[in-house]
Amino acid sequence: MSGCQNSTVALITNQGDDTVSIVNLNDLEVIKTLQTDKGPLGVEFIDTNHAVISNTKHQTLQVINLNNFEITNRIKLGFTPLGMVSIKKEKRLYVSSWYENKIYLFDTQSWKQLLQIEVAKTPSGLAYNDKHGLLICANRDENIATIIKDNKILKTIKTGEHPFGVYTRDDQAFTVNVYSNNITQIDLNNFSSKEINSGNHPYNMVIHKNKIFITNTQDDTVSVVNKTTQEFIVNLKTQEVPENIGIDETNNQLVITNWGSNTISIFDLNTLKLIKHIKTGKESRAFGNFIWSKR
Amino acid sequence: MKKLVVFLTALFFVFTAFAHGPTPQKVQKSVKIAASPATVWSVVKDFDNANKWLPFVSDIKIETKGEEKFRTLTLKKGGKVLEKLKGIDDDLMKIKFEIVEGDVPVADCNMYITVTKGANDNESEVQWTARFYRVYKLNPPIPEGQDDESALNAMNSVVDAALPELKKLIESQK
């Protein structure tokens, strides 16, 4: 792995063949494939040297050493994990438990379970807003976002239908609403909210500069929306069933996982032109933060 | 006997708790057909007459509501399936449709079929992809027939029956 010392990589969980594809985003090629427990879905980074994945069918987390891309630890959970978000400076990881309507908090050094928070049904995407000290959780089957402060529910906000992905930046949080074909933008100062249209069956989103990028799983596109005016700019054509999306700041690239095609698509963030589709394992998903740069 | 029932019940709970997740299921299968992509696409895109190559369908009824088109498939084994057309893309040779409701043990089933050029001008490949969930989405125990395996079996049998029939229909027309 010596050639990867200054690389940016994407960790792509492939739920169909229980692997993680390590993709070098500088060279745009798969450099390693890791066999995992069954049903890998979520990805998050817990410190500068480690990532963690959530395995839905095996009900485990697995820790990946980012220096050699080896799996170094397995944490048995006893619940079905989905979304994850870490607070790195506190060495904490929140994990949503899909069937139990709970979020668990772990210490990422001892992997002790510290506490659990009861939320609404089917907690899925999680995001943490550092500025406001808020944890945001999408509750898919209740059409709400749960806003949590100091591990207690502060507020619940009505969203569009079937909120799944969550994103936050600055003074805003967003849920991506699969059935209502929109995203809900929540103002974290006053908790007002409004909807912004997407394409069909949106799944997740990111923001880069003043553009919102939303994956549309049933259109095979990414909607690009002006963040200030909320006006639609253009659709980027992906491969089939684009699910999750991340920004590679180092190489100025947009990275999208295509569950249907077993690929990821790479777009240039300046020109919004397709650079390459890269083959991964089966049913590539990578739910969460999946792009990592060696610093 | 009572102990055995308790043991088997416990085993069932352990197994089902382990064997599921919030996981979309995927069936993706393809067939090669000895005909040009244009010929194959003309049959595949014909949403209204798919009963010609869906061997498990005894009747098809088309309905249009505004700009939306639906078909109701009557199944030979009994029951019906209502499907909605979601798009026909002639450039990509791709048709998309979904199951709205019906007598198939799946939920949120979205499907697409594509036609691509094969090894020569007179060969095509048809690929059918289905993304769906099992019927029962809540906590275990999962009712019989509503699990991942039942959903996968149902969709596998649909695609396994349809693709050879499509091949036979097109190749016999030549």
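Each remark here, short or long, concerns the structure printed above.
To keep things clear, this report deals only with the structure shown in the data block. (Residues numbered from 1 in each chain as written. Chains lettered and ligands numbered in written order. Predicted model: local features only at pLDDT ≥ 70, side-chain atom pairs only at ≥ 80, totals over all residues. Heavy atoms only, no water.)

## Remarks on the overall build of chain A
Logical step 1: Along the backbone of chain A there are zero helices and 29 strands.
Logical step 2: In terms of C-alpha radius of gyration, chain A reaches 17 Å, essentially the compact-globule figure of 19 Å for 295 residues.
Logical step 3: Dimensions of chain A, computed from the C-alpha atoms along their principal axes, are close to 50 × 45 × 30 Å.
Logical step 4: In chain A, buried positions account for 62% of the 295 residues.
Logical step 5: Residue pairs at least 24 apart in sequence account for 39% of intrachain contacts in chain A once pairs closer than 6 positions are excluded. (Helix = DSSP H or I, 4+ residues; strand = E, 2+ residues; numbered from the N terminus. Rg over C-alpha atoms; globule rule 2.2 N^0.38 Å. Buried < 20%, exposed > 50% of the residue type's maximum accessible area, 1.4 Å probe, protein only. Contact = heavy atoms within 4.5 Å.)

## Observations concerning the pairing of strand β12 (residues 123–129) of chain A
Residues and elements named next belong to chain A.
Logical step 1: The element β12 is largely enclosed, with a buried count of six among its seven residues.
Logical step 2: Of the pairings in the sheet, the one linking β12 to strand β13 (residues 134–139) comprises five bridges and is antiparallel in character. In the strand pairing of β13, Leu126 is matched with Cys137.
Logical step 3: Counting the residues that bridge the hairpin from β12 to β13 gives four residues, and of these Gly133 lies at a positive phi of roughly 60°. (Pairing = 2+ DSSP bridges.)

## Describing helix α3 (residues 148–172) of chain B
Residues separated by three or four positions in an α-helix point in the same direction, a consequence of the helix having 3.6 residues per turn.
All names here are of chain B.
Logical step 1: End to end, α3 covers 36 Å across 25 residues, agreeing with the expected 36 Å (1.5 Å per residue, within 8%).
Logical step 2: Residues of α3 that are buried: Asp148, Ser150, Ala151, Ala154, Met155, Val158, Val159, Ala162, Leu163, Leu166 and Ile170.
Logical step 3: Where the residues of α3 are buried, they touch β1 (25–33), α2 (37–44), β6 (107–117) and β7 (124–133). (Expected span 1.5 Å × (residues − 1).)

## Points about the side chain of B:Ser124
All names here are of chain B.
Logical step 1: For Ser124, the location among the structural elements is in strand β7.
Logical step 2: Only 3.4 Å separates the side chain of Ser124 from the backbone oxygen of Ser36, close enough to count as a polar contact.
Logical step 3: Those residues in contact with Ser124 that lie beyond four places of it in its chain are Val31, Lys32, Ile33, Ala35, Ser36, Pro37, Val40, Val115, Thr116, Lys117 and Gly118. (Polar contact = N/O pair within 3.5 Å; in protein donor to acceptor, adjacent residues only side chain to side chain.)

## Structural notes on the packing of α2(B) against α3(B)
Residue and element names in this part refer to chain B.
Logical step 1: Viewed as axis vectors pointing N to C, α2 and α3 meet at an angle of 125°, and their least axial separation amounts to 11 Å. Taken together, α2 and α3 sit at an angle that is classed as oblique. At the point where α2 passes α3, the crossing takes the right-handed sense. Judged by residue contacts, Thr39, Val40, Val43 and Val44 of α2 engage Leu166, Leu169 and Ile170 from α3.
Logical step 2: A breakdown of the residues in the contact of α2 with α3 according to their chemical character gives six nonpolar, one polar and no charged. (Axes fitted to C-alpha atoms, helices over the stretch in contact; angles between N-to-C directions. Parallel < 35°, antiparallel > 145°, perpendicular 65-115°, else oblique. Left-handed = near helix turned anticlockwise from the far one by under 90°. Nonpolar A, V, L, I, M, F, W, Y, C, P; charged D, E, K, R; others polar.)

## With respect to the layout of surface pockets
Empty space among the atoms can be located by rolling a probe the size of a water molecule over them.
Residues and elements named next belong to chain A.
Logical step 1: Its boundaries defined by the atoms lining it, the largest pocket holds a volume of some 1300 Å³.
Logical step 2: Lining the largest pocket are 44 residues, with Glu44, Phe45, Lys88, Asn289 and Ile291 positioned closest to its centre.
Logical step 3: Residues belonging to the lining of the largest pocket are distributed by class as follows: 19 nonpolar, 16 polar and nine charged. (1 Å grid on protein atoms, 1.4 Å probe; cavity = no way out; pocket = protein on both sides within 12 Å on 5 of 7 lines; lining within 4 Å. Points joined across faces, edges and corners; volume = space filled by probe spheres on them.)

## Thoughts on the pattern of salt bridges
Logical step 1: Following the criterion strictly, the structure yields 22 salt bridges over all chains and no others.
Logical step 2: Taking the shortest distance from any N to any O, the salt bridge between B:Lys96 and A:Asp219 comes out at 3.9 Å. With B:Lys96 in strand β5 (residues 94–102) and A:Asp219 in the loop between β21 (211–216) and β22 (221–226), this residue pair bridges two chains.
Logical step 3: By relative accessible area, B:Lys96 is classed as buried at 14%.
Logical step 4: Of the charged contacts, one joins B:Lys94 and A:Glu240 as a salt bridge, the two residues approaching to 3.4 Å between their closest N and O atoms. In this pair, B:Lys94 sits in strand β5 while A:Glu240 sits in the loop between β23 (232–237) and β24 (242–248), so the two residues belong to two different chains. Both residues of the pair, B:Lys94 and A:Glu240, belong to the buried class.
Logical step 5: Taken together, the salt bridges that share partners define one network made up of A:Asp220, A:Glu240 and B:Lys94. (Salt bridge = Lys/Arg side-chain N within 4 Å of Asp/Glu carboxyl O.)

By themselves, these figures tell us nothing about what the structure is for.
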